[in-house]
Amino acid sequence: MSRTAKDFFAPLAVGAPAPPREIPARPSRAIHFFDPGNEKMAAKVPAMVGTVDVLLGNLEDAVKAENKERSRQGLVDIAKATDFGPTQLWTRINSLDSPWVLDDLTTLVPEIGDKLDVVMVPKVQGAEDIHYVDRLLAQLEAKAGLTRPVLVHAILETARGVANIEEICAASPRMQGLSLGPADLAADRRMKTTRVGGGHPGYLVRQDAPRVDGETQYDAERASYQQDLWHYTIARMVDACAMHGIYPYYGPFGDILDTVACEDQFRNAFLLGCVGAWSLHPVQIQIANRVFSPSVEDVAHARRVIAAMGDGTGAVMIDGKMEDDASVKQCQVMVALADELAAIDPELRQQYDAIRIED
Ligand SMILES: CC(C)(COP(=O)(O)OP(=O)(O)OC[C@H]1O[C@@H](n2cnc3c(N)ncnc32)[C@H](O)[C@@H]1OP(=O)(O)O)[C@@H](O)C(=O)NCCC(=O)NCCSC(=O)C[C@](C)(O)C(=O)O
Ligand SMILES: [Mg+2]
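The structure contained in this document is the topic of the report that follows. Just so we're clear, the structure is a prediction, and the values are computed from it rather than from any experiment. (Residues numbered from 1 in each chain as written. Chains lettered and ligands numbered in written order. Predicted model: local features only at pLDDT ≥ 70, side-chain atom pairs only at ≥ 80, totals over all residues. Heavy atoms only, no water.)

**Quick word on the coordination of the magnesium ion (ligand 2)**
Protein coordination of the magnesium ion (ligand 2) is provided by E157 (OE) and D184 (OD), with donor distances spanning 2.0 to 2.1 Å. You can see E157 sitting in the loop between β5 (151-156) and α6 (159-163) and its partner D184 sitting in helix α8 (residues 182-189), a full 27 residues away along the chain. (Donors = N, O, S within 2.8 Å, 3.2 Å for Na, K, Ca; no water. Helix = DSSP H or I, 4+ residues; strand = E, 2+ residues; numbered from the N terminus.)

Below is the structure:
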């Protein structure tokens, strides 16, 4: 049997901070990955503070095995030397079956646990992985005398992880959210793709062949439409996260030069309910910031509907469309997000203020 309701919010080590009862909706439109052991990348990090919602020191894949210790120490040095202001600091630790993860956690929590907001755990298979990290974090937090718990984020990168998605979300009150890990997930599922996220020209539907004089013209020119390989997994993530009060994220888009397709993939995720995406290169930060901020037009419309709906019940016509109790709730989601973002982004605040409805 899993932990009872009475025990669920109890610290897992004597002296560890109390686990959170609620995960705050902090803006995290772009989770920007950098290798803390790469001098060129690390040098750019201080200037990125305030321009991106989350800076993530990556210790796992994309860091060569021989550089693991250097990257870990690099993250400690950067965290100690930098005032992150409104920007969150996350890390992606090595996978739980790797030889590096224990040192990752036993180094990072005592050294910079007071600055780390979230630990991202790769290749999570089920609740047992979260339970392991949860207990270890509590022990390390207690030993280090931390007063704020470090939160946990799981990457969905295996078929078993996707199948166990609900139990992963429910495994600990520290759970902050989930990201899609499309490259490892594709390999684990034996999908026949070789890309890091994004679409594939072979995954499509084709218009029916036209019929002329009772004959089907199979050779005729027909439109085809590329489909989204990740729709099913993202939709599952969104439901599981919403059910548990935590946050879903689209993961990486590896075709750095294709900023147009990156924006499309991010926008699909935004519309489906994700709150952010990963950025692998500085050019992707602006894309995520733009896509995961509601448009001025959408915010203006949402405010009009809320104003017209009074106490939020009944039905009204606005611009020829019916609005009612349910659509006002959608508008409230949009306005709440706009308010959260305006609180940390002066440019957005100005844009959203310019279209404010006067009382
Ligand atoms: C793609 C790469 C190789 C192109 O790197 P580059 O140097 O060739 O690019 P560039 O355009 O020439 O870079 C221009 C400048 O920006 C710097 N730069 C470049 N990137 C960054 C960055 N992220 N943060 C800060 N600075 C950066 C770079 O060092 C350079 O500095 P310089 O002008 O002084 O020479 C490089 O951007 C990179 O390594 N990015 C991070 C990759 C990464 O973290 N991958 C792992 C996440 S995805 C994943 O793991 C999958 C998943 C979820 O697990 C799964 O689906 O299974
Ligand atoms: Mg991966």
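**Looking at unusual backbone geometry**
Non-glycine residue K123 carries a positive phi angle of around 50°. Note that K123 resides in the loop between β4 (118-121) and α5 (127-144). The phi angle at R190 is positive, at roughly 60°, despite the residue not being glycine. As for its placement among the helices and strands, R190 is situated in the loop between α8 and β7 (204-206). Take R190: its relative accessible area is 67%, and that puts it in the exposed class. (Buried < 20%, exposed > 50% of the residue type's maximum accessible area, 1.4 Å probe, protein only.)

**Notes on empty space enclosed by the protein**
Taken as a whole, this structure holds two cavities of 30 Å³ or more when the rule is applied. Of the volumes computed, that of the largest cavity is approximately 50 Å³. Class assignment of the residues belonging to the lining of the largest cavity gives a composition of eight nonpolar, one polar and three charged. Estimates place the volume of the second largest cavity at around 30 Å³. T193, R195, G197, G198, G199, H200, L229 and W230 are the residues that line the second largest cavity. For the lining of the second largest cavity, the per-class residue count stands at two nonpolar, five polar and one charged. (1 Å grid on protein atoms, 1.4 Å probe; cavity = no way out; pocket = protein on both sides within 12 Å on 5 of 7 lines; lining within 4 Å. Points joined across faces, edges and corners; volume = space filled by probe spheres on them. Nonpolar A, V, L, I, M, F, W, Y, C, P; charged D, E, K, R; others polar.)

**Describing the layout of surface pockets**
Considered as a void within the structure, the largest pocket measures approximately 1,200 Å³ in volume. G273, C274, V275, V333 and L337 are the residues nearest the centre of the largest pocket, which is lined by 50 residues in total. Put simply, the parts of the chain that give the lining of the largest pocket at least two residues each are β3 (88-92), α9 (231-244), β11 (247-249), α10 (259-272), α11 (283-291), α12 (296-308) and α13 (325-344). Considering each element in turn, the lining of the largest pocket owes the most residues, ten residues, to α13. Looking at the lining of the largest pocket residue by residue, the classes come out as 30 nonpolar, eleven polar and nine charged. In this model, the second largest pocket occupies a volume close to 380 Å³. Surrounding the second largest pocket, 19 residues form its lining, N58, D61, A62, R92 and L280 being those nearest its centre.

**What about α5?**
At 3.6 residues per turn, the α-helix brings residues three or four places apart onto the same side. End to end, α5 covers 26 Å across 18 residues, agreeing with the expected 26 Å (1.5 Å per residue, within 8%). Elements that come into contact with the buried residues of α5 comprise α4 (101-112), β4, β5, α7 (165-169) and β6 (175-180). Following α5 by one or two positions, G145 adopts a phi angle in the positive range, close to 70°. (Expected span 1.5 Å × (residues − 1). Contact = heavy atoms within 4.5 Å.)

**Comments concerning the environment of Y232**
Here Y232 is to be found in helix α9. Note: C-alpha distance between Y232 and P17 (215 residues apart in sequence) is 37 Å. Not counting chain neighbours up to four residues away, the residues in contact with Y232 comprise V162 and R189.

**Things to note about the environment of K6**
Topologically, K6 is positioned in helix α1 (residues 5-8). On the accessibility criterion, K6 (70% relative accessible area) is exposed. Within polar-contact distance, the side chain of K6 engages the side chain of D7 at 3.2 Å. (Polar contact = N/O pair within 3.5 Å; in protein donor to acceptor, adjacent residues only side chain to side chain.)

**Details of the site of ligand 1**
Neighbouring ligand 1 are 21 residues; K44, E157, A183, L280 and H281 lie closest to it. Between ligand 1 and the protein, one listed contact pairs an oxygen atom with a side-chain N or O atom of K44 at 2.8 Å. Here an oxygen atom of ligand 1 sits 3.0 Å away from a polar atom, N or O, in the main chain of P182. When ligand 1 is considered free in solution it has 1,100 Å² of accessible area, and contact with the protein chains removes 66% of it. Breaking the shell around ligand 1 down by element, the ones donating at least two residues are β1 (30-34), α2 (39-48) and α8. With four residues, the top contributor of residues to the shell around ligand 1 is α2. Partitioned by chemical class, the residues of the shell around ligand 1 number eleven nonpolar, four polar and six charged. (Near = heavy atom within 4 Å. Areas by Shrake-Rupley, 256 points an atom, 1.4 Å probe, with all protein chains shown as cover.)

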